[in-house]
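Tertiary structure, described
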Amino acid sequence: MTSGRVVHVFSAVPGLGTAIRRLLPAVDIVELKAELRQDGSSHIIDKLKEAEILVAEPNLIGPDLYHLPCLQWMHMTWAGVDGMFRFVDRAKPYPSYQLTRFGGAFGPTMAEYVMGHIIARERNFKCINQCQEKQVWDQKGLAKYRLLEKLTIGILGVGDIGKEVARTCKTFGMTVWGLVRKIPMKADRMSYIDSYRQISELPELLRSCDYVCNILPSTPETAGLLSGDVMHHCQEKKSVFINVGRGNIIDDDSLLKALREGWISGAILDVFDTEPLPPTHPLWTTPNVTITPHVACVFFDWQVAEMFSKNYENFVKGKPMEYVVDWEMGY
């Protein structure tokens, strides 16, 4: 165990400070109450200025991004970094401290969500429930389904989370395509991804896949990537669109048009441009749309604490940390 330093925890995650203290007993934990941010407490601001190591949510610490004079390292409790980068002023130099994010735990959880919804759709679970409620023995109707081994899924973004989704889909026999910035060298390719395509080849992927699953982070390059009439490339396969990445990959009007025109046969949506999704939003009542309230992946205090403690040991020893965020790249 390395010698302890002071770690400031500015988080709304219940029990996070205690969980970190359990794993790093030699560390002095200073917990800052998240609710004091809303009160504009000067105590919070003064304590943040003292912090050298900070664990925080992007939405809490974002307004003070440029007012942390002693900070050497910030660890975010979220896997997504767009909540932090909306506070970045591109006209200013980037902060000098290191920034890391939560990672390494969401892959299996996200894979469960994606695979669960695919199976539920292909095996008509909704119809099964309806038949049982009506006491109907519809063997002929419910025997009509597609085998997963005959289906292709295109995963937009095969990073830490996407690769686990790809691995799980491949385990069930699906053909897997992955959308990436750069095609990896043969030695670096994953055995459970059958075909790689770059963003410039997105139309080919959309034409070829029965399911299109977005797991891309929100960056200037990915915002609106599927907006406009891009989804018309799905019309041959009548793809099902799954969005567990970020809501701004496609604007609402474009998504509704793709559904209305029949370019896609359905949508499974966990993320939205506006959250919570307003009760009057047309997506709620659009046929063949499944809506979940951003719960595909949730994290627990012990998961964040474990990730932070591993990076803490590397940080104090001067070793490279995991899940480092590139200020320039935005992820």
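Here the structure is shown first, and the text comes after it.
Here we summarise the structure given alongside this text.

1. Quick word on the overall build of the chain
- The helix and strand tally for the chain stands at 12 helices and 12 strands.
- For a compact globule of 331 residues, the expected C-alpha radius of gyration is about 20 Å, and the chain comes in at 22 Å, within 12% of that figure.
- With respect to the principal axes defined by its C-alpha atoms, the chain has extents near 65 × 50 × 40 Å.
- For the chain, with 331 residues in total, the buried portion stands at 48%.

2. Brief notes about the environment of I249
- For I249, the location among the structural elements is in the loop between β10 (240-243) and α11 (252-260).
- As a C-alpha pair, I249 and I264 span 15 residues in sequence and 16 Å in three-dimensional space.
- If sequence neighbours within four positions are ignored, I249 has contacts with N214, L216, T222, G224, L225, L226, S227, F241 and N243.

3. Section: a nonpolar patch on the surface
- Taken together, the side chains of V295, V298, F300 and W302 make up a nonpolar region of the molecular surface, amounting to roughly 390 Å² of accessible area.
- As for its placement among the helices and strands, W302 is situated in helix α12 (residues 301-316).

4. Section: the packing of helix α6 (residues 106-122) against helix α9 (residues 162-171)
- Running from amino to carboxyl end, α6 crosses α9 at an angle of 50°, the nearest separation of the two axes being 8 Å. One way to sum up the angle between α6 and α9 is to call them oblique. Handedness of the α6/α9 crossing: right-handed. Residues G107, P108, M110, A111, V114 and M115 of α6 form the contact with α9, whose participating residues are E164, V165, T168 and C169.

5. Topic: the pairing of strand β3 (residues 53-56)
- Every second residue of β3 is oriented toward a common face, with I53 and V55 on one face and L54 and A56 on the other, all of them buried.
- Of the pairings in the sheet, the one linking strand β1 (residues 6-11) to β3 comprises 3 bridges and is parallel in character. By the bridge assignment for β3, V9 is matched with V55.
- Here β3 runs beside strand β4 (residues 73-76); their pairing, made up of 4 bridges, is parallel. Looking across to β4, one finds that L54 is bridged to M74.

6. Notes on the nonpolar core
- The biggest cluster of nonpolar side chains holds 53 residues, and the ones touching the most others in it are V114 and I153.
- Broken down by element, the residue count for this core peaks at 7 residues, all from α6.
- In this structure, V114 is in contact with I153, V165, C213, I242 and V244, ignoring residues within four places of it in sequence.
- Residues L202, V212, L225 and L283 belong to the second largest nonpolar core, which totals 29 residues.

7. Considering unusual backbone geometry
- Between E275 and P276 the backbone carries a cis peptide bond, its omega angle lying at 0°.
- Inspection of the secondary structure puts P276 in the loop between β11 (266-269) and β12 (289-291).
- Phi angles above zero are rare outside glycine, and Q135 is one such case at about 60°.
- Structurally, Q135 can be placed in the loop between α7 (125-134) and α8 (139-142).
- Owing to a relative accessible area of 74%, Q135 belongs among the exposed residues under this scheme.
- A positive phi angle, near 55°, is found at K238, a position not held by glycine.

Quick notes on the rules
Residues numbered from 1 in each chain as written. Predicted model: local features only at pLDDT ≥ 70, side-chain atom pairs only at ≥ 80, totals over all residues. Heavy atoms only, no water. Helix = DSSP H or I, 4+ residues; strand = E, 2+ residues; numbered from the N terminus. Rg over C-alpha atoms; globule rule 2.2 N^0.38 Å. Buried < 20%, exposed > 50% of the residue type's maximum accessible area, 1.4 Å probe, protein only. Contact = heavy atoms within 4.5 Å. Patch = residues over 30% accessible without salt bridge, like charges linked within 9 Å, V, L, I, M, F, W, Y side chains within 5 Å. Areas by Shrake-Rupley, 256 points an atom, 1.4 Å probe, with all protein chains shown as cover. Salt bridge = Lys/Arg side-chain N within 4 Å of Asp/Glu carboxyl O. Axes fitted to C-alpha atoms, helices over the stretch in contact; angles between N-to-C directions. Parallel < 35°, antiparallel > 145°, perpendicular 65-115°, else oblique. Left-handed = near helix turned anticlockwise from the far one by under 90°. Pairing = 2+ DSSP bridges. Core = buried A, V, L, I, M, F, W, Y, C linked by side-chain atoms within 4.5 Å.

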